[in-house]
Amino acid sequence: MPSDDRPQNTSTTSRVEGLRNLSPHGRLARVAAATELDAADIKALAGAGALDPCTANGMIENVIGTFELPMGVATNFIVNGREVLVPMAVEEPSVVAAASHMAKIARDHGGFIVRSTAPIMRAQIQILGLAGVEEARAQLLAQEAELVAQANACDPVLVELGGGCRGIEVHVFETSPIGPMAVLHLLVDVRDAMGANAVNSMAETLAPSIEEITGGKVRLRILSNLADKRLVTARVKLPFAALDTKTLNGRDVAQGIVEACTLALIDPYRAATHNKGIMNGIDPVVLATGNDWRAIEAGAHAFAARSGQYRALTTWELEEDETLVGTLEMPMAVGIVGGATRTHPAAQAALRLMNVSSAQELGEICAAVGLAQNMAALKALATEGIQKGHMALHARNIAITAGATGGDVDKVAKMLVQQGEINVAAAKAILAAG
Ligand SMILES: CC(C)(COP(=O)([O-])OP(=O)([O-])OC[C@H]1O[C@@H](n2cnc3c(N)ncnc32)[C@H](O)[C@@H]1OP(=O)([O-])[O-])[C@@H](O)C(=O)NCCC(=O)NCCSC(=O)C[C@@](C)(O)CC(=O)[O-]
Ligand SMILES: NC(=O)C1=CN([C@@H]2O[C@H](COP(=O)(O)OP(=O)(O)OC[C@H]3O[C@@H](n4cnc5c(N)ncnc54)[C@H](OP(=O)(O)O)[C@@H]3O)[C@@H](O)[C@H]2O)C=CC1
């Protein structure tokens with residue numbers, strides 16, 4: 001396992017031309033050269049055997065092996081003025097291409113501007129059997145300083161790092177199928193951790209004190225994945241001209257993107273697919289860095305439904321200066337310490353590839369990729385449709401399913417695209433015809 005005090009790579013450019021035309025080995029060499037990654041990181045990113053059985057066995061239970069996914073690199077990203085090559089572990093074709101494509105358009109116009117709040121997570125402590133929920137709330141708020149101090153005593157390392165419990169909230173439910181209840185929220189700055197274990201420990205430690213203060217009975221003590229105090233915002237601003245295509249002018253493309261987004265703002269059926277497209281960008285980065293993608297998914301979708309109606313996580317607007325402006329806002333509970341981020345060697349290499357030094361910075365890059373991915377999908381949907389670009393790249397998968405191997409994969413895929421019929425039967429026919 002690589003040590004953590006190796007120098008971070010410094011001289012990155014994310015514009016690595018012609019990467020798509022190289023072999024995986026050739027691409028890795030180009031990426032390594034562009035980022036000054038060392039041999040251990042290059043080996044980890046290459047994958048084969050990176051996660052040894054012993055390490056894997058220490059990560060989960062009943063391990064029988066490891067499961068591999070392709071690791072791609074999205075090119076062209078500029079995030080807050082910094083060039084970033086983005087590792088993406090994902091099984092779906094066209095995702096890496098789409099992110100790189102939009103980042104290429106954006107890079108001539110400032111790239112992606114991202115911001116994030118402090119990494120505050122919530123832990124919930126459910127209190128039942130109360131004589132009065134409002135009285136319990138008042139009692140708990142009166143003891144806030146004491147409760148915060150007790151929480152912080154659980155994790156001196158976190159406090160020393162500048163994090164720790166910042167305060168409490170008490171939410172009350174006057175009625176429920178099991179009667180009234182109060183829920184105490186611990187608000188904890190978890191610094192560079194995802195934070196689940198840290199805040200869960202605090203919640204469990206505080207339970208007896210909370211029962212004593214309120215006279216109630218504590219049931220659940222667990223973090224909330226609706227991390228609405230740990231938000232990230234990504235923004236991109238493009239002149240209409242940047243969206244010109246061979247057949248359409250950029251103003252029409254921009255208008256089409258706004259119209260496509262509008263449906264996702266009013267219709268949950270469309271919003272679900274729209275947000276899936278955003279997560280197409282985010283999940284692969286979360287996965288590549290050893291983070292908990294279920295937590296990110298849960299937070300994203302709960303945040304999308306916070307008004308009572310599930311809706312798009314992005315907005316796209318036309319501005320008077322002939323520009324299209326896209327914005328993504330969502331929770332982003334990712335870490336660069338804890339969980340699998342430090343046990344999986346490829347996760348460490350992925351973090352070094354991006355040269356991130358804080359969890360906030362990682363979350364901001366995830367948001368930029370999510371916004372780029374959403375823009376790619378909306379641009380395709382609003383113009384030529386999704387199938388042309390997506391299916392052309394999916395054709396290689398189809399060729400493999402039909403039995404193509406080695407150099408035949410690209411040849412069969414090319415023929416499928418040329419004949420405009422991209423399915424397994426057509427691929428088998430091509431293979432049979434030799
Ligand atoms: C697929 C493209 C990018 C083609 O688009 P294109 O215009 O044919 O691309 P291009 O060949 O002109 O290349 C432009 C740039 O894209 C990148 N690029 C392009 N091709 C490759 C490749 N093979 N390998 C690596 N990079 C590639 C690359 O950066 C390249 O620049 P270069 O660096 O070469 O100068 C475009 O059609 C696109 O963005 N489509 C959208 C694809 C998409 O969204 N896929 C997600 C799967 S569908 C889904 O699950 C979600 C959805 C759609 O339902 C969400 C929703 O409904 O909102
Ligand atoms: N609902 C959910 O999403 C749940 C998720 N999980 C899992 O929890 C894991 C994440 O928990 P998490 O608490 O992040 O992981 P860890 O407990 O592994 O790591 C967090 C700890 O690392 C130490 N640490 C060292 N350096 C730093 C730093 N710079 N910033 C912050 N902390 C630092 C801290 O103290 P110290 O050294 O004292 O430990 C901190 O408490 C994931 O595997 C996730 O899957 C678990 C339960 C529920």
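Procedures and definitions
Residues numbered from 1 in each chain as written. Chains lettered and ligands numbered in written order. Predicted model: local features only at pLDDT ≥ 70, side-chain atom pairs only at ≥ 80, totals over all residues. Heavy atoms only, no water. Helix = DSSP H or I, 4+ residues; strand = E, 2+ residues; numbered from the N terminus. Rg over C-alpha atoms; globule rule 2.2 N^0.38 Å. Contact = heavy atoms within 4.5 Å. Areas by Shrake-Rupley, 256 points an atom, 1.4 Å probe, with all protein chains shown as cover. Domains from an automatic or database assignment. Buried area = accessible area lost by both parts, 1.4 Å probe. Salt bridge = Lys/Arg side-chain N within 4 Å of Asp/Glu carboxyl O. Polar contact = N/O pair within 3.5 Å; in protein donor to acceptor, adjacent residues only side chain to side chain. Nonpolar A, V, L, I, M, F, W, Y, C, P; charged D, E, K, R; others polar. Buried < 20%, exposed > 50% of the residue type's maximum accessible area, 1.4 Å probe, protein only. Near = heavy atom within 4 Å. Core = buried A, V, L, I, M, F, W, Y, C linked by side-chain atoms within 4.5 Å. Expected span 1.5 Å × (residues − 1). Bend = angle between axes of the 7 residues up to and from the residue. Pairing = 2+ DSSP bridges. Axes fitted to C-alpha atoms, helices over the stretch in contact; angles between N-to-C directions.

1. Overview of the overall build of the protein chain
Logical step 1: Of regular secondary structure, the protein chain possesses 16 helices and ten strands.
Logical step 2: In terms of C-alpha radius of gyration, the protein chain reaches 24 Å, essentially the compact-globule figure of 22 Å for 434 residues.
Logical step 3: Seen through its C-alpha atoms, the protein chain measures out along the principal axes to roughly 80 × 50 × 40 Å.
Logical step 4: Counted over contacts in the protein chain with a minimum sequence separation of 6, partners at least 24 positions apart contribute 73%.
Logical step 5: When the accessible surface of the protein chain is summed, it comes to about 20300 Å², and 55% of that surface belongs to carbon and sulfur atoms.

2. Here's the deal with the environment of proline 284
Logical step 1: Within the secondary structure, proline 284 sits in helix H10 (residues 268–288).
Logical step 2: The sequence separation of proline 284 and valine 356 amounts to 72 residues, and the corresponding C-alpha distance is 16 Å.
Logical step 3: Beyond its immediate stretch of four places on either side in the chain, proline 284 contacts Pro87, Met88, Ala89, Val90 and Met279.

3. Re the domain arrangement of the protein chain
Logical step 1: What the domain assignment reports for the protein chain is domain 1 (27–117 + 230–384), domain 2 (120–224) and domain 3 (389–433).
Logical step 2: The C-alpha-based centres of domain 1 and domain 2 are spaced at 33 Å.
Logical step 3: Every contact between the two is made by ten residues of domain 1 and, on the other side, seven residues of domain 2.
Logical step 4: Summed over both sides, the interface between domain 1 and domain 2 buries roughly 660 Å², with carbon and sulfur atoms accounting for 54% of that surface.
Logical step 5: Applying the counting criterion to the domain 1 and domain 2 interface returns zero salt bridges.
Logical step 6: Summed over the shared surface of domain 1 and domain 2, the result is five residue pairs in polar contact (both at pLDDT 80 or more).
Logical step 7: Per-class residue counts for the side of domain 1 that touches domain 2 are six nonpolar, three polar and one charged.

4. Looking at the pattern of salt bridges
Logical step 1: One pass over the structure, following the stated rule, counts 15 salt bridges.
Logical step 2: Here arginine 137 ties to glutamate 134 by a salt bridge, and the two come within 3.1 Å at their closest N and O atoms. Linking arginine 137 with glutamate 134, this pair stays in helix H5 (residues 133–142), spanning three residues, or about one helical turn.
Logical step 3: Residue arginine 294 pairs with aspartate 292 through a salt bridge whose shortest N-O separation is 3.3 Å.
Logical step 4: The class of arginine 294 is partly exposed, set by a relative accessible area of 47%.
Logical step 5: For aspartate 292, a relative accessible area of 27% translates into the label partly exposed.
Logical step 6: When salt bridges that share partners are traced, they join Arg122, Glu169 and Asp228 into one network.

5. A short note on unusual backbone geometry
Logical step 1: Of note, the phi angle at asparagine 76 is positive, near 80°, even though the residue is not glycine.
Logical step 2: If you trace the backbone, asparagine 76 turns up in strand S1 (residues 71–79).
Logical step 3: Within the chain, glutamate 322 stands out as a residue other than glycine whose phi angle is a positive 60°.
Logical step 4: Along the chain, glutamate 322 falls in the loop between strand S9 (314–319) and strand S10 (323–331).

6. What about the site of ligand 2?
Logical step 1: Around ligand 2 sit 21 residues, and of these Asp155, Asp192, Gly195, Asn225 and Asp292 come closest.
Logical step 2: Here a nitrogen atom of ligand 2 sits 3.0 Å away from a polar atom, N or O, in the main chain of aspartate 192.
Logical step 3: Note that an oxygen atom of ligand 2 is positioned 2.6 Å from one of the side-chain N or O atoms of aspartate 292.
Logical step 4: Taken together, the elements giving at least two residues each to the shell around ligand 2 come down to helix H7 (156–160) and helix H8 (196–214).
Logical step 5: A per-element tally of the shell around ligand 2 places H8 first, with four residues.
Logical step 6: The residue makeup of the shell around ligand 2, split by class, is eleven nonpolar, six polar and four charged.
Logical step 7: Of the residues that make up the shell around ligand 2, three or more belong to each of domain 1 (27–117 + 230–384) and domain 2 (120–224).

7. Some words on the nonpolar core
Burial of nonpolar side chains together is a common tendency in soluble globular proteins.
Logical step 1: Phe77, Val86, Leu184, Leu186, Ile282, Trp316 and Met330 are the most contacted members of the largest nonpolar core, which totals 96 residues.
Logical step 2: Broken down by element, the residue count for this core peaks at eleven residues, all from helix H13 (residues 359–382).
Logical step 3: No fewer than three residues from each of domain 1 (27–117 + 230–384) and domain 2 (120–224) sit in this core.
Logical step 4: Ignoring sequence-local partners within four residues, the contact set of tryptophan 316 consists of Val236, Ile257, Val258, Cys261, Leu324, Val325, Gly326, Leu371, Asn374, Met375 and Leu378.
Logical step 5: Of all hydrophobic cores here, the second largest spans twelve residues; its members include Ala399, Ala402, Ala413 and Ile430.

8. Considering H8
Logical step 1: For H8, which comprises 19 residues, the first-to-last C-alpha distance of 25 Å matches the rise-based estimate of 27 Å (1.5 Å per residue) to within 8%.
Logical step 2: The principal kink in H8, of about 40°, is found at alanine 207, preceding the proline proline 208 by one to four residues.
Logical step 3: Taken together, the buried positions of H8 are Ala196, Ala198, Val199, Asn200, Met202, Ala203, Leu206, Ala207, Ser209, Ile210 and Thr214.
Logical step 4: Where H8 ends, the next residue or the one after it, glycine 215, has phi of about 75°, a positive value.

9. A closer look at the sheet that holds strand S7 (residues 217–224)
Logical step 1: Spatial ordering of the open sheet is given by S5-S6-S4-S7, a layout of four strands whose pairing is antiparallel. Taken across any chain shown, the strands that pair with only one partner, and hence form the sheet edges, are strand S5 (164–173) and S7. The average undirected angle you get between the axes of adjacent strands in this sheet is 20°.
Logical step 2: Taken together, the eight bridges between strand S4 (residues 120–128) and strand S6 (residues 181–189) define a ladder with antiparallel strand orientation. What sits directly across from glutamine 126, in S6, is valine 183.
Logical step 3: In the packing of helix H6 (residues 144–153) onto the sheet, contacts are made with S5 and S6, and the angle to S5 comes to roughly 125°.

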